[in-house]
Amino acid sequence: MALINEKLRKKAWANAIAKPAQEFPLTPLPVISGTIPPGLRGTLYRNGPGRLERGGIHVGHWFDGDGAILGVHFNTPPYQGGDRGGATAVYRYVQTDGYKEETAAGKLLYGNYGMTAPGAFWNRWLKPIKNVANTSVLALPDKLLALWEGDHPYALDLQTLETKGSDNLGGLDKGLPYSAHPSVDLHTKEIFNFGVSPGANAVLNLFKSDWTGKIVQKAKFTLNGFPAIHDFVLAGPYLVFFAPAVRVNVFPILAGISTYSECLQWQPQVGTQILIFNRQTLSLVSRGETEPWFQWHFANGYVDPNGEVIVDIARYQDFQTNQFLQEVAFGETHTPAKSTLTRVRINPQTGAVTNIQQILDRHCEFPSVPPENVGQASRYTYLSISQEGTDISQEILNGIACYDHKTETLTEADLGENRYPSEPIYVTDADNPEQAWILTVVYDGNCDRSQVWVFDAHRLSEEPVCKLELPSVIPHSFHGTWKGV
Ligand SMILES: [Fe+2]
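As the structure is a prediction and not an experimental result, all values here were calculated from the model.

Enquirer: Please provide a residue-by-residue account of the overall build of the chain, values included.
Expert: Each helix and strand counted, the chain has four helices and 35 strands in total. Residue burial in the chain is summarised as follows: out of 485 residues, 59% are buried. In the form shown here, the chain has an accessible surface area of approximately 19200 Å², with 51% of it arising from carbon and sulfur atoms. For the chain, the separation between the mean place of its 39 positive charges and that of its 50 negative charges on side chains is 4 Å.

Enquirer: Please set out the pairing of strand E22 (residues 294–303) residue by residue, giving values where relevant.
Expert: Consecutive side chains along a regular strand alternate between the two faces of the sheet. Of all ten residues in E22, nine are buried, a share of seventy percent or more. As paired strands, E22 and strand E23 (residues 309–316) are joined by seven bridges and run antiparallel to one another. When the sheet's bridge partners are listed, Phe 298 is paired in E23 with Ile 313. The antiparallel pairing of E22 with E23 creates a hairpin that spans five residues between the two strands, and Gly 307 there sits at a positive phi of about 90°.

Enquirer: Outline the nonpolar core, supporting the account with residue identities and numerical values.
Expert: Core analysis: the largest hydrophobic core is formed by 50 residues, its most contacted members being Leu 204 and Phe 241. Of all the secondary structure elements, the ones that give two or more residues to this core are strand E13 (190–197), strand E14 (203–209), strand E15 (215–222), strand E17 (238–243), strand E18 (246–248), strand E20 (272–278), E22 and helix H4 (320–328). With residues up to four places along the chain from it excluded, the contact list for Phe 241 reads Phe 194, Leu 204, Leu 206, Ile 229, Asp 231, Phe 232, Gln 273, Ile 274, Leu 275 and Phe 277. Counting residues in each nonpolar core, the second largest holds 27 residues, with Ile 36, Leu 70, Val 452 and Leu 470 among its members.

Enquirer: Tell me about the layout of surface pockets, and please be specific about residues and values.
Expert: Roughly 1200 Å³ of internal volume is contained in the second largest pocket. Taken together, the elements giving at least two residues each to the lining of the second largest pocket come down to strand E8 (136–139), strand E12 (183–185), strand E16 (233–235), E22, strand E26 (364–368), strand E31 (425–428) and strand E35 (479–484). It is E35 that contributes the most residues to the lining of the second largest pocket, six residues altogether. Residue composition of the lining of the second largest pocket, grouped by class: 28 nonpolar, 13 polar and five charged.

Enquirer: I'd love a proper account of the coordination of the iron ion, names of residues and values included.
Expert: By definition of the ideal shapes, four donors in a tetrahedron about a metal sit 109.5 degrees apart, and six donors in an octahedron sit 90 or 180 degrees apart. Listed as protein donors to the iron ion are His 181 (NE2), His 230 (NE2), His 297 (NE2) and His 479 (NE2); their distances from the metal cover 2.1 to 2.2 Å. Relative to the metal, the four donor atoms surrounding the iron ion lie at angles of 88 to 169°, and the coordination shape comes out irregular. Sequence spacing of the donor residues for the iron ion, all on one chain, is H-x48-H-x66-H-x181-H. In this pair, His 181 sits in the loop between strand E11 (163–166) and E12 while His 230 sits in the loop between E15 and E16, placing the two residues 49 residues apart along the sequence. Grouping residues by exposure puts His 181 and His 230 together as buried.

Enquirer: Summarise the sheet that holds strand E9 (residues 144–147); cite the residues concerned and give the values.
Expert: Taken in spatial order, the four strands line up as E8-E9-E10-E11 in an open sheet, and their pairing is antiparallel. For this open sheet the edge positions go to E8 and E11, each flanked by a neighbour on one side alone. This sheet shows a mean twist of 25° between the axes of neighbouring strands, independent of strand direction. Bridging between strand E10 (residues 154–156) and E11 involves three bridges; their strand directions are antiparallel. For Tyr 154, the partnering residue across the bridge sits in E11 and is Ser 166.

Calculation notes
- Residues numbered from 1 in each chain as written.
- Predicted model: local features only at pLDDT ≥ 70, side-chain atom pairs only at ≥ 80, totals over all residues.
- Heavy atoms only, no water.
- Helix = DSSP H or I, 4+ residues; strand = E, 2+ residues; numbered from the N terminus.
- Buried < 20%, exposed > 50% of the residue type's maximum accessible area, 1.4 Å probe, protein only.
- Areas by Shrake-Rupley, 256 points an atom, 1.4 Å probe, with all protein chains shown as cover.
- Lys, Arg positive; Asp, Glu negative; His and termini not counted.
- Charge placed at Lys NZ, Arg CZ, Asp CG, Glu CD.
- Pairing = 2+ DSSP bridges.
- Core = buried A, V, L, I, M, F, W, Y, C linked by side-chain atoms within 4.5 Å.
- Contact = heavy atoms within 4.5 Å.
- 1 Å grid on protein atoms, 1.4 Å probe; cavity = no way out; pocket = protein on both sides within 12 Å on 5 of 7 lines; lining within 4 Å.
- Points joined across faces, edges and corners; volume = space filled by probe spheres on them.
- Nonpolar A, V, L, I, M, F, W, Y, C, P; charged D, E, K, R; others polar.
- Donors = N, O, S within 2.8 Å, 3.2 Å for Na, K, Ca; no water.
- Tetrahedral: all angles 85-135°; square planar, octahedral: opposite > 155°, others 65-115°.
- Axes fitted to C-alpha atoms, helices over the stretch in contact; angles between N-to-C directions.

Geometric values such as these leave the question of function open.
Below, the structure written as C-alpha cells:
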C-alpha cells in the first residue's frame, strides 16, 4: 500500500532516476517511426548522473550522481544492416578513480556537491570530494572529454566510451578545475574555458585551447570573494562572465562540516558582477556591477552594430533553483524556481549594463544557438521549456522550443504528457547546409522507456522525423554535444 501511495504521489519523471541506470554495449537501435535522415552523420553524446545511490546510501543532491555517457552513432560505423547506415548506441559510466573505488567497496565513500563523506567526522576532515564527471562532454578529434567543474576532465574513447583516464589537456596544473562549459568557435577552431580555484578570494583561471583540446594560453584573475560561476559566454571579441549574487563560504566545506551546496549563500546585496575579457589576450577589458540574479546558463553573446555587447541568459530571481535541483534527486519537488530568457546589454568599454529585458516569460533552461553562431548574432535560440500549464514546483522541464528573435515568436514541440526531453542539440545536415535537425533524448514516463527523437529544426511543432528506441532507461541528463563525421 505504501508503495502504491508513493507511486501515485510522485510525478512520472521520478521513475527515470529511481534506480541506478544500466550500462549497455554498442547496440543497434530499432526505428520506432519515421526514418533517419541520410545527412545526419555523426554522434550524439550526452552526460548526466547515472546513479544516485549505492549500498543503500542516497546522495544528497542531483549533482552528486556518478556520470554516465550516452553515445548514439548515426549513419556512421559500426553500421548495422550492411552499409545502409542506421543508428547504434552505447551507454557507459565514466570510470573515475572514485567510481572504481566505490564500486569495489560496494558503498559510497566520498562527499560531493550536496553530501559530506559518509561516516565519522574525522573521515571527512580535508578529504577530497569525488570527481563525478557528470556534467557535460566535449568532443575532440581523438577523444571525448567528460566534464565536471571541480576538477580535470576524464578522457573517453569516442566510439566505445571506454574511459582512458584523467586528462590535463597538456597544461592543467594538478587539481585545477576545467569547467563543464567550454565555448567552441567553429570558425577560428579555438576552444575557450575556465576553472575557478577556491579561496576566500577565488581565482578565475582562463584557458584557450587549440582544436585538439591542448591548452595553448592561460590567464588568472582574482575574484571578489568566491562567487558560484557555472558558465560564461563568447561575445564577438570578448569572453563575458556574470558572477551571480551567490557566494561560497569555503571553510565549512574544507572542514567537512557542511556540503558545498549548503555553503552557497544567496547574497543579493553584492549584486551581479560583470567581467569582460579580451579573447585574444585573456586580459580584463572592463568590469561592472548590476542588480542581483542567478543564472546557470548563457544562451549566446555577440556585439551589435553599435558596439554593445548583447548576452542572453536563463535568469532566475534568486537561488531557489539549487533547492529544487536537490529535491529532484529524491524524486519529488516542491520548490518553484522559474527562469526566463533574458537579454542583457553591456557597454564593453565600461562594463556598465545599459538594459535588461525579459525576452520570454516562460520557465526555460539550457538555451543555446546553432554551433556556427556561437559568439555571433543568431536569429534562433533553442531551449528546454515547461509546457503551458505545468506546475513547475512539481515537474521538471517537459518541452523543447525555438525562439525566433526576428519575429519574436516561440515554436514548441508537442511531446504529450509525461514525456521529458533532454536539452535540444542542434545539428546541421551534412549534405544540405540549409537543413538542420534537433536531437533530444526523451524519457517516456507512460511506458518507462527512453527514446531518441529527431526533429526538423525548422519544424519543431511537427511530428519528429524519426524516433529510435534505446535499450534501457537513460536518466535525465544535463548536457550533450554533437560530433559530425
Ligand atoms: Fe550546465
